[in-house]
Amino acid sequence: QMTEMAKALEALLPRIVCPTLVVRGAESRVLTQEGFERFVSALPDGQGVGVPIARHTVQGDNSSGLIAALNAFLGSLAPPFGRRAIRSGSRDSTFDRRVRS
């Protein structure tokens, strides 16, 4: 069952338009496989990776697996990618105004 905070976060995911990697420890009991897949699919430019031999604290349980996943994701991005974080026509965020100036 999703918490209210998870529902609120999921509602915001479609607004994150930059390339985004969702990392899940393959043995996590906090983020279920179903929730993980739902979060990844809600992101316009989202990718997901399950890190083996890791629970919710992936960085502590399998740091080399996390580093490999991050390197693969970052290596897949073609520069410049920073401008893609700004959705065209967006007028509702202070972040957009700061980035454009």
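In this text, all values refer to a predicted model and were calculated from it rather than measured experimentally. (Residues numbered from 1 in each chain as written. Predicted model: local features only at pLDDT ≥ 70, side-chain atom pairs only at ≥ 80, totals over all residues. Heavy atoms only, no water.)

1. Quick look at unusual backbone geometry
Threshold: By the criteria applied, helices consist of DSSP H or I runs no shorter than four residues and strands consist of E runs no shorter than two, each listed in order from the N terminus.
If you check the backbone angles, I53 has positive phi at about 55 degrees while not being a glycine. If you trace the backbone, I53 turns up in the loop between β2 (46–51) and α3 (58–61).

2. Considering the pairing of β2
So the rule is basically this: In this analysis, strands are considered paired if DSSP registers two or more bridges between them. A crossover gets the label right-handed when its path from the first strand over the helix to the second runs clockwise, viewed with the strands pointing away from the viewer.
Across six bridges, the pairing between strand β1 (residues 20–25) and β2 is parallel. Across the sheet, residue V22 finds its bridge partner in β2, namely G48. Traced from β1 through helix α2 (residues 33–42) to β2, the parallel crossover comes out right-handed.

3. Some points on the pattern of salt bridges
Pairing is possible between side chains that carry opposite charge, provided their charged atoms lie close to one another. So the rule is basically this: In the sections that follow, a salt bridge refers to a side-chain nitrogen of Lys or Arg positioned within 4 Å of a carboxyl oxygen of Asp or Glu. When a residue's accessible area, from a 1.4 Å probe over protein chains only, is under 20% of the maximum for its type it is buried; when over 50% it is exposed; and in between it is partly exposed.
Across all of its chains, the model carries four salt bridges by this definition. For E4, the salt bridge identified is with K7, shortest N-O distance 3.7 Å. Residue E4 and its partner K7 are located together in helix α1 (residues 4–12), separated by three residues, close to a single helical turn. When its relative accessible area of 42% is taken as the criterion, K7 is described as partly exposed. Across the pair E34 and R38 runs a salt bridge whose closest N-O atoms are separated by 3.3 Å.

4. Some remarks on the side chain of T20
We count it as follows: Each polar contact in these results corresponds to two N or O atoms within 3.5 Å; when the atoms are within protein, one needs to be able to donate a hydrogen and the other to accept it, and residues that are neighboring in sequence are counted only if both atoms are side-chain atoms.
Residue position: T20 is located in strand β1. Residue classification places T20 among the buried residues on the basis of a relative accessible area of 17%. Polar side-chain contacts of T20 include one of 2.9 Å to the backbone oxygen of C18.

5. Observations regarding the nonpolar core
What counts, and what does not: Grouping buried Ala, Val, Leu, Ile, Met, Phe, Trp, Tyr and Cys residues that are joined through side-chain atoms within 4.5 Å yields what is termed a nonpolar core.
Within the largest apolar cluster, six residues are counted, these being L13, V22, F36, F39, V40 and L43. With three residues, α2 is the largest single contributor of residues to this core. Counting five residues, the second largest nonpolar core, distinct from the first, contains V51, A54, V58 and L66.

Geometric values such as these leave the question of function open.
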